[in-house]
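Listed below are the residues making up each chain.
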Amino acid sequence: MSEPSFFEAPAPVSLSDIATWANAEIYRGDPSLEISSVGPLEDAGSGALVFFDNTAYLKQLEATTATACLVGKRHKDKVPEGVAVLVCADAYRSWAMVLARLYPAAMQPREPGEAIVSDRAHVDPEARLEDNVTVEPGAVVGPDAEIGAGTVIRSNAVIGRGVKIGRDCVIGPNSTVQHSVLGDRVYLHPGVACGQDGFGYAMGPGGHLKVPQVGRVIIQDDVEIGANTTIDRGANRDTMIGEGTKIDNQVQIGHNVIVGRHCVLVSQVGLSGSCTLEDFVAIGGQTGVRGHVTIGMGSQVAAVSVVSEDLPAGGRYGGTPAKPVKQWFREVAALRKLAERGGGS
């Protein structure tokens, strides 16, 4: 069986072009050197570009046989002789910019050829599609839905009645979008569920009475949402995801949640109903946020934490319940010392 390659190898590119794309300076190496692939430090060979930004991989850097390396200024002399050196302000960010040029299909995969609505898809006659929309086999587009130019609806995705989707979006396979309005360049990975009921019940000894959820989901431009993430529609106001926000796989966002602009939510984060994340908040994996709390602008919350009260802007927090990281570290150290004393008695 042949070994498949899902992304076409790039045409050779000069080191000079790579430097331009990466906003980097050629510290060492011939500008006419050709780069034809990328790879990890330990496996890259002739013609390959690598990057280095983490001292945990210093041994791999010292042994690399790649043709060129993107690296920050303070590590430029760690690159072995014979490897061209491209010095940049942020090696990982420069790496991302170069890969986007070399492998554009990995950014937002599209099948080659012209946009087409498959005869094995179901598009309601009352739906409105702009030019250059692709609807793949098995997809369903409901009545009064509107889809902008350049958008791709992948196989078996379901677009509900009245949903609005902007231009140049990708709705991944097996995704469901209902009661939602999406901006431009929104990317939903496979299995995203967006706009379903929020979890709302008036509980009592006679049984739990379902509360109708009459809000929407609003997703602004340039948002990316990972596979199997769920975003509940609002109960009495809209659930909102701000522009540029990036959400990992398997994240749960409850009803009435407000996520600001350019936030980052890592896998298995859970946001309870009516909580608010201001702009540029970053939350590590498996962290839970209690309902009705606010996390201030630019704050960072460590993985596997619990946010149970409002957090001021600009801080770094962690633990259960979440608190400033310095306090959290002191508490952990104190508990460790206490445990060690107890173990020796």
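Residues numbered from 1 in each chain as written. Predicted model: local features only at pLDDT ≥ 70, side-chain atom pairs only at ≥ 80, totals over all residues. Heavy atoms only, no water.

### Focus: the sheet that holds strand β26 (residues 239-241)
Applicable threshold: Any two strands with at least two DSSP bridges between them are considered paired. Only DSSP runs of H or I with at least four residues qualify as helices, and only runs of E with at least two residues qualify as strands; both kinds are numbered from the N terminus onward.
Pairing in this open sheet of nine strands is parallel, and the strands run β9-β12-β15-β18-β23-β26-β29-β32-β35 from one edge to the other. The open sheet is flanked by β9 (128-129) and β35 (294-295), the only strands paired with a single partner. Of the pairings in the sheet, the one linking strand β15 (residues 164-165) to strand β18 (residues 180-182) comprises two bridges and is parallel in character. Bridging across to β18, Ile165 finds its partner in Leu182.

### Focus: the nonpolar core
Note the cut-off: Residues grouped as a nonpolar core are buried Ala, Val, Leu, Ile, Met, Phe, Trp, Tyr and Cys residues, joined through side-chain atoms within 4.5 Å. Per-residue accessibility, obtained with a 1.4 Å probe over protein chains only, is compared with the maximum for each type, and a residue is labelled buried under 20%, exposed over 50%, and partly exposed between these values. Any two residues whose heavy atoms approach within 4.5 Å at even a single point are treated as in contact.
Of all hydrophobic cores here, the largest spans 48 residues; its most connected members are Ile219, Leu271 and Ile283. The contact partners of Leu271, leaving out residues within four places of it in the chain, are Gln252, Ile253, Gly254, Val257, Val259, Leu265, Leu277, Ile283 and Val289. Listed in part, the 18 residues of the second largest apolar core include Ile18, Ala68, Cys88 and Tyr103.

### What about the environment of Cys169?
Looking at where Cys169 falls in the secondary structure, it is placed in the loop between β15 and β16 (170-171). In this structure Cys169 comes out as buried when scored by relative accessible area, which is 0%. As for Cys169 and Thr151, which are separated by 18 residues in sequence, their C-alpha atoms are 4.5 Å apart.

### Looking at the sheet that holds strand β7 (residues 84-87)
Adjacent strands of a sheet form backbone hydrogen bonds with each other and so pair up, either parallel or antiparallel. Strand order across the open sheet formed by five strands is β2-β7-β6-β5-β4, with mixed pairing between neighbours. The sheet terminates laterally at β2 (25-28) and β4 (37-38), the two strands that pair on one side only. Direction of pairing for β4 relative to strand β5 (residues 48-52): parallel, over a ladder of two bridges. Among the inter-strand pairings, Val38 is bridged to a residue of β5, identified as Leu49.

### Some words on the packing of aromatic side chains
Stated formally: Aromatic pairing here means that ring centres of Phe, Tyr or Trp (its six-membered ring) are within 6.5 Å. Orientation follows from the plane angle: under 30 degrees is stacked, over 60 is edge-to-face, and everything else is tilted.
As enumerated under the stated definition, the model contains four aromatic pairs in all. Each ring, one from Phe51 and one from Tyr92, has its centre 5.5 Å from the other, and the planes form 35°; the classification is tilted. Linking Phe51 in strand β5 with Tyr92 in helix α3 (residues 91-102), this pair joins segments that are 41 residues apart in sequence. A centroid spacing of 5.2 Å and a plane angle of 70° characterise the contact between Phe199 and Tyr201, whose relative ring orientation is edge-to-face. Pairwise contacts between aromatic rings join Phe51, Tyr92 and Trp95 into one cluster.

### Describing the pattern of salt bridges
Put simply, the rule is: Between Lys or Arg on one side and Asp or Glu on the other, a salt bridge is scored when a side-chain nitrogen of the former is within 4 Å of a carboxyl oxygen of the latter.
Overall, the coordinates contain 13 salt bridges when judged by the stated rule. Of the charged contacts in the structure, one is a salt bridge between Asp221 and Arg185, with a shortest N-O distance of 3.9 Å. A residue pair is termed long-range when its members are at least 10 positions apart, and Asp221 in the loop between β23 (217-219) and β24 (224-225) and Arg185 in the loop between β18 and β19 (187-188) qualify at 36 residues. Residue Arg185 is classed as partly exposed on the basis of its relative accessible area of 38%. With a closest N to O distance of 2.8 Å, Asp238 and Arg216 form a salt bridge. Within this pair, whereas Asp238 is found in the loop between β25 (230-232) and β26, its partner Arg216 is found in the loop between β22 (209-210) and β23, the two being separated by 22 residues in sequence. Of the residues examined, Arg216 reaches a relative accessible area of 40% and is grouped as partly exposed. Put simply, Arg128, Glu146 and Lys164 are held in one network by salt bridges that share partners.

### Points about the environment of Val251
Structurally, the position occupied by Val251 is in the loop between β27 (246-247) and β28 (252-253). Owing to a relative accessible area of 1%, Val251 belongs among the buried residues under this scheme. C-alpha separation for the pair Val251 and Thr287, spaced 36 residues apart in sequence, amounts to 9.9 Å. Not counting residues within four places of it along the chain, the set of residues in contact with Val251 comprises Thr229, Thr230, Leu265, Val266, Ser267, Gln268 and Val269.

### What to know about the environment of Ile283
Structurally, Ile283 is set in strand β33 (residues 282-283). The exposure class assigned to Ile283 is buried, which follows from its relative accessible area of 2%. Filtering out sequence-adjacent residues up to four positions away, Ile283 remains in contact with Val264, Leu265, Val266, Val269, Leu271, Leu277, Val289, Ile295 and Val301.

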